[in-house]
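What follows is each chain in one-letter form.
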Amino acid sequence: MTNNRYKILVIEDEENLAAVLSTLLEGAGYQPIRAGTCALALTLYASHRPDLALLDLGLPDADGMRFLREVRRENRTPVIVLSARANERDKVEALDAGANDYVTKPFSSAELLARIRSALRTFGPQEGRKPGAKFVLGDLRIDYEARRVCIRSQDVRLTQTEYNIVAFLSEHCGKMMTYSAIAKGVWGYFDEGCVKRLQVNMANIRRKFGVRLGENRYIANELGVGYRMNGERDE
Ligand code: CA
């Protein structure tokens, strides 16, 4: 059975608050997943691929910033920091490290839900990546919810970064995306090293897709500019 509800990872060690948050999220139609430690949060993050994370910074085993940094190395899943720490420096540090929003405790339920809606709208899955959505281009098929790519019904084993690049290009299919746009979409930032990293990942993707050198099947390359996923979106 397909579950079309957004998954929200609730990283909070205070049992009472975690229970209140879970009930609130369920009531609003989300699917909460609870983690009381940073280690468990990272494990559940990898296995459940939530659409958003609510992150308490004061966790028993590590600073919540560790979770944020780990997640940001791979992708841009929206993270809203929930914290009792109200000072500017913590806030700036969390936002610089890639948090999408910061809510200081205590907060109202209505305000938190509004921030979640806004984060999902602005930073969450794009149109084509809503839970349950699929992308088809000839014999290439992407199942966004399962984070799976198939060619001629055969699974293509991509790393997380490779998958994120392919998914990002498919969302903008038919459009040439610059190195900088892809890097920002995949890693959340762009610097000199990103072009090289992109090229290395792209070479692996093309090899796994069975595309020969100089061939532009699925993904076209414009040297010095960027990449484009071919064709039109075909739901
Ligand atoms: Ca705490």
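Everything below is about the structure shown above.
So, here is what we can say about the structure in this document. (Residues numbered from 1 in each chain as written. Predicted model: local features only at pLDDT ≥ 70, side-chain atom pairs only at ≥ 80, totals over all residues. Heavy atoms only, no water.)

## Topic: the overall build of the chain
How we decide: Here a strand is any run of E in DSSP of at least two residues, a helix any run of H or I of at least four, and the numbering for each starts at the N terminus. Within these notes, the globule rule equals 2.2 Å times the number of residues to the 0.38 power, and the radius of gyration is based on C-alpha atoms. Burial status follows relative accessibility: with a 1.4 Å probe on protein chains alone, a residue under 20% of its type maximum counts as buried, one over 50% as exposed, and anything between as partly exposed. In this analysis, two residues are considered to be in contact whenever any of their non-hydrogen atoms come within 4.5 Å of each other. Here the accessible surface of atoms and residues is derived via Shrake-Rupley with a 1.4 Å probe, and residues count as covered only by protein chains that are part of the display.
Helix and strand counts for the chain come out as 8 helices and 12 strands. For a compact globule of 235 residues, the expected C-alpha radius of gyration is about 18 Å, and the chain comes in at 19 Å, within 12% of that figure. Seen through its C-alpha atoms, the chain measures out along the principal axes to roughly 55 × 45 × 30 Å. Out of the 235 residues belonging to the chain, those deemed buried represent 47%. Of all intrachain contacts in the chain linking residues separated by at least 6 positions in sequence, the fraction that spans at least 24 positions is 59%. Here the chain has roughly 11800 Å² of accessible surface; of this, 49% comes from carbon and sulfur atoms.

## Looking at the nonpolar core
Most often, soluble globular proteins keep nonpolar side chains buried together rather than apart. Stated formally: Throughout this description, the term nonpolar core refers to a set of buried Ala, Val, Leu, Ile, Met, Phe, Trp, Tyr and Cys residues connected via side-chain atoms within 4.5 Å.
Membership of the largest hydrophobic core comes to 33 residues, with the highest contact counts inside it found for Leu140, Val149, Leu169, Ile182, Phe209, Ile219 and Met229. Elements supplying a minimum of two residues to this core: strand 6 (134-137), strand 7 (140-143), strand 8 (148-151), helix 6 (160-171), helix 7 (179-187), helix 8 (192-208) and strand 12 (226-229). The element best represented in this core is helix 6, accounting for 6 residues. Residues within four places of Leu140 in sequence aside, it is in contact with Phe135, Val149, Cys150, Ile151, Phe209, Tyr218 and Met229. Ala53, Phe67, Val71 and Val79 belong to the second largest nonpolar core, which has 24 residues in total.

## Observations concerning helix 1 (residues 15-27)
Formally: Here, expected helix span is obtained from the residue count minus one, scaled by 1.5 Å. The directions considered for the arc run from the helix axis to the C-beta atoms.
Look at helix 1: 18 Å from first C-alpha to last across 13 residues, which is about the 18 Å you get at 1.5 Å a residue. Looking at helix 1, one finds that the buried residues are Ala18, Leu21, Ser22, Leu24 and Leu25. One side of helix 1 carries all its buried residues, which in axial view fall inside an arc of 165°. Of the residues in helix 1, the exposed ones pointing more than 90 degrees away from the buried face are Glu15, Asn16, Val20, Thr23 and Gly27. Among the structural elements, strand 1 (7-11), strand 2 (31-35), strand 3 (52-56), strand 4 (79-83) and helix 5 (109-123) are those in contact with the buried residues of helix 1. Downstream of helix 1 by one or two residues, Gly29 has phi in the positive range, about 90°.

## Side note on the coordination of the calcium ion
Which entries qualify depends on this criterion: Only N, O and S atoms count as donors, using a 2.8 Å cut-off from the metal and 3.2 Å for Na, K and Ca, and because water is excluded some sites may appear unfinished.
Donor atoms from the polypeptide that coordinate the calcium ion comprise Asp13 (OD), Asp56 (OD) and Gly58 (O), at 2.2 to 2.4 Å from the metal. The class for Gly58 is partly exposed, based on a relative accessible area of 37%.

## Here we look at the layout of surface pockets
For the record, the criterion: Throughout, the protein atoms alone are placed on a 1 Å grid, and a set of points is a cavity if a 1.4 Å probe fits but cannot get out or a pocket if it is open with protein on both sides within 12 Å along at least five of seven lines; lining residues have an atom within 4 Å of a point. Grid points are joined across faces, edges and corners, and a volume is the space filled by probe spheres set on the points. Each residue is assigned to one class: nonpolar for Ala, Val, Leu, Ile, Met, Phe, Trp, Tyr, Cys and Pro, charged for Asp, Glu, Lys and Arg, and polar for all the others, Gly among them.
Space inside the largest pocket adds up to approximately 250 Å³. Taken together, 14 residues make up the lining of the largest pocket; nearest its centre are Met202, Ala203, Arg206, Leu213 and Asn221. Considering every element that reaches the lining of the largest pocket, the biggest residue donor is helix 8, with 5 residues. Partitioning the lining of the largest pocket into residue classes produces 7 nonpolar, 4 polar and 3 charged. Looking at the second largest pocket, the residues that line it are Arg147, Arg148, Val149, Asp155, Val156, Arg157, Leu158, Thr159, Gln160 and Tyr163. Of all the elements in the fold, those that place two or more residues in the lining of the second largest pocket are strand 8, strand 9 (154-156) and helix 6. For the lining of the second largest pocket, a count of residues per class yields 4 nonpolar, 2 polar and 4 charged.

## Focus: the sheet that holds strand 11 (residues 219-222)
For clarity, the cut-off: In this analysis, strands are considered paired if DSSP registers two or more bridges between them. For helices, the fitted line uses only the C-alpha atoms of the stretch in contact; every axis is such a line through C-alpha atoms, and the angle between N-to-C directions lies from 0 to 180 degrees.
Ordered by their spatial adjacency, 3 strands build an open sheet running 10-12-11, and the pairing between neighbours is antiparallel. Of all the strands in the sheet, just strand 10 (177-178) and strand 11 have a single pairing partner and so form its edges. Relative to strand 12, strand 10 is paired through 2 bridges, and the arrangement is antiparallel. From the neighbouring strand, Thr178 faces strand 12, where its bridge partner is Gly226. Seen against the sheet, helix 8 touches strand 11 and strand 12 and runs at an angle of roughly 145° to strand 11.

## Examining the side chain of Lys105
Note the cut-off: Throughout this description, a polar contact denotes any pair of N or O atoms lying within 3.5 Å of each other; where both atoms belong to protein, one of them has to be capable of donating a hydrogen while the other can accept it, and for residues adjacent in sequence the pair is counted only when both atoms sit in side chains.
Here Lys105 lies in the loop between strand 5 (101-104) and helix 5. Of the residues examined, Lys105 reaches a relative accessible area of 18% and is grouped as buried. Of note is the side chain of Lys105, whose polar atom sits 3.3 Å from the side chain of Asp56. The residues touching Lys105, leaving out its near neighbours within four places in the chain, are Glu12, Glu14, Leu17, Asp56, Leu82, Ser83 and Ala84.

## A short note on the packing of helix 2 (residues 38-48) against helix 3 (residues 64-74)
Inclusion rule: With respect to orientation, any angle under 35 degrees is reported as roughly parallel, any angle over 145 as roughly antiparallel, any angle of 65 to 115 as roughly perpendicular, and every other angle as oblique. Handedness of each helix crossing follows the sense of rotation of the near helix against the far helix: counterclockwise by less than a right angle gives left-handed, clockwise gives right-handed.
Across the interface, helix 2 lies against helix 3 with an axial gap of 9 Å and an inter-helix angle of 25°. One element, helix 2, and the other, helix 3, form an angle in the roughly parallel class. Considering only the axes of helix 2 and helix 3, their crossing is right-handed. On the side of helix 2, the interface is formed by Cys38, Ala41, Leu42 and Tyr45, while helix 3 contributes Arg66, Phe67, Glu70 and Val71. Grouping the constituent residues of the contact of helix 2 with helix 3 by class yields 6 nonpolar, no polar and 2 charged.

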